[in-house]
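Structural description and commentary
Residues per chain, in single letters:
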Amino acid sequence: MTEPGNMRLFIIFVESNLVWFVMGVAALGLLFPGPGKLIEIAIGPLLALLMLVISLAFDAHEARIVFRKPSQQLLAMGLVYGPMSVAGLLTGRLFFGSGPLAAGQTLLGTLPTDVSSPLLVLMARGNVAMAAVFNAINTALSPFIVPFLFLSLTGIQLEAPLGWIILELVLIVLVPTLLGVGLRTMLPTFFAQYDSTYAGLGSIIYLMILLAVVGPNAESIIGYGWYAFLIAGAALSLNLIGYLVGMSSRFLTADRANVIAFLFTVSKKEFSIAAAFVAASGLPSEIAIPATFFAVIQMITSPVAARIIAKGSKYR
């Protein structure tokens, strides 16, 4: 077998077993944080590369179809920022009562969609173009929506790190997405032949991002001792609520691929923005802790959910 053939098989193998790889990498990052700390600086480029790879899976025509239905974009924005913000507030009070962690859980609920959401949509055989558009719109609006929601729910003033968010939107989301979609549109036949590998390539990048997230935060996570399980429980609760809220889109659209896009758009949160908001506002760093735990939780549950959904799609 040729070397490219072996590489393709390896990529597909990683995608097929991503759940186990995620658990292994998460444990590795906690026990041996060194490698994760080394590649932490590469999180931004890795996210941009992930967006580029996933954007090769759809063309400009598919993106235009999404833009022609603004009602779906409004629905996604409403679900991401509406019920999820309330869920963040309620789970924060339930698990922590009051204080920095409760405020942090509330902040977590108000955050926009995670950059990696289109990858999970691709793995679950959903509408990737729709997920990418939702992702870009939610990120672009977050500097205006998140501080307003957080102030309304907690009474705490939040400063928007405009520079950081604009940088993420342009360099991590917009540029790679436009490049990927442009390449797919200009050379559809060439890039279509690799359709079976995009999810696998994205999975490998996803694992590197997970390691870069867990490693630098391993000391903080372990430092909470048994209390870490309570914080993780709060994160898992909000994540599961996100899946339920995302599934509510079934009442408004019968298209399974679109529902999958809503599911991961709503359930995944851009955790890195939390630290940027907290730092820009001069708030206690502990407020960003729930987002750190959520990052690990969602990166474990999302491949599980995608795997289950993809298997279900085979029998439809």
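Residues numbered from 1 in each chain as written. Predicted model: local features only at pLDDT ≥ 70, side-chain atom pairs only at ≥ 80, totals over all residues. Heavy atoms only, no water.

Okay, unusual backbone geometry next. Of note in the backbone geometry, Arg125 takes a positive phi value of approximately 65 degrees without being a glycine. Structurally, Arg125 is set in the loop between α9 (117-123) and α10 (128-154). We classify Arg125 as partly exposed; its relative accessible area is 47%. (Helix = DSSP H or I, 4+ residues; strand = E, 2+ residues; numbered from the N terminus. Buried < 20%, exposed > 50% of the residue type's maximum accessible area, 1.4 Å probe, protein only.)

Taken as a whole, this structure holds ten aromatic pairs when the rule is applied. Measuring from ring centre to ring centre gives 6.0 Å for Phe13 and Phe21, while their planes differ by 90 degrees; the resulting arrangement is edge-to-face. According to the relative accessible area criterion, Phe13 is partly exposed, its value standing at 45%. Ring pairing ties together the aromatic residues Phe95, Phe96, Tyr224, Tyr227 and Phe293, which thus form one cluster. (Phe/Tyr/Trp six-rings, centres within 6.5 Å; stacked < 30°, edge-to-face > 60°.)

Over its 25 residues, helix α11 (residues 162-186) runs 33 Å from end to end, which matches the ideal 36 Å to within 8%, given 1.5 Å per residue. Along its length, α11 reaches its greatest deviation from straightness, about 35 degrees, at Leu174, and the proline Pro176 lies no more than four positions downstream. Buried within α11 are the following residues: Ile165, Glu168, Ile172, Val173, Pro176, Thr177, Gly180, Val181 and Arg184. Of the surrounding secondary structure, the elements contacted by the buried residues of α11 are α4 (43-55), α5 (60-67), α10, α12 (188-192), α13 (195-223) and α16 (272-281). (Expected span 1.5 Å × (residues − 1). Bend = angle between axes of the 7 residues up to and from the residue. Contact = heavy atoms within 4.5 Å.)

Structurally, Phe251 is set in the loop between α14 (227-247) and α15 (256-267). The exposure class assigned to Phe251 is exposed, which follows from its relative accessible area of 74%. Residues Phe251 and Gly82, 169 residues apart in the sequence, show an inter-C-alpha distance of 17 Å.

To continue, consider the confidence of the model for the protein. Per-residue confidence for the protein averages 89 on the pLDDT scale, and 97% of its residues sit at or above 70. By mean pLDDT, the top-scoring element of the protein is helix α7 (residues 83-96) (96), and the lowest-scoring one is helix α1 (residues 3-16) (75). (pLDDT = per-residue confidence, 0-100.)

Turning to the side chain of Ser116, a few remarks are in order. Counting through the fold element by element, Ser116 comes out in the loop between α8 (100-110) and α9. A distance of 3.4 Å separates a polar atom in the side chain of Ser116 from a polar atom in the side chain of Lys268. Beyond its immediate chain neighbours, meaning those up to four positions away, Ser116 contacts Leu50, Tyr206 and Lys268. (Polar contact = N/O pair within 3.5 Å; in protein donor to acceptor, adjacent residues only side chain to side chain.)

What follows is about α4. Helix length check: α4 (13 residues) gives 18 Å between terminal C-alpha atoms against 18 Å at 1.5 Å per residue, within 8%. Those residues of α4 lying buried are Leu46, Leu47, Ala48, Leu50, Met51, Val53, Ile54 and Ser55. Looking at the packing, one finds that the buried side of α4 touches α9, α10, α11 and α13.

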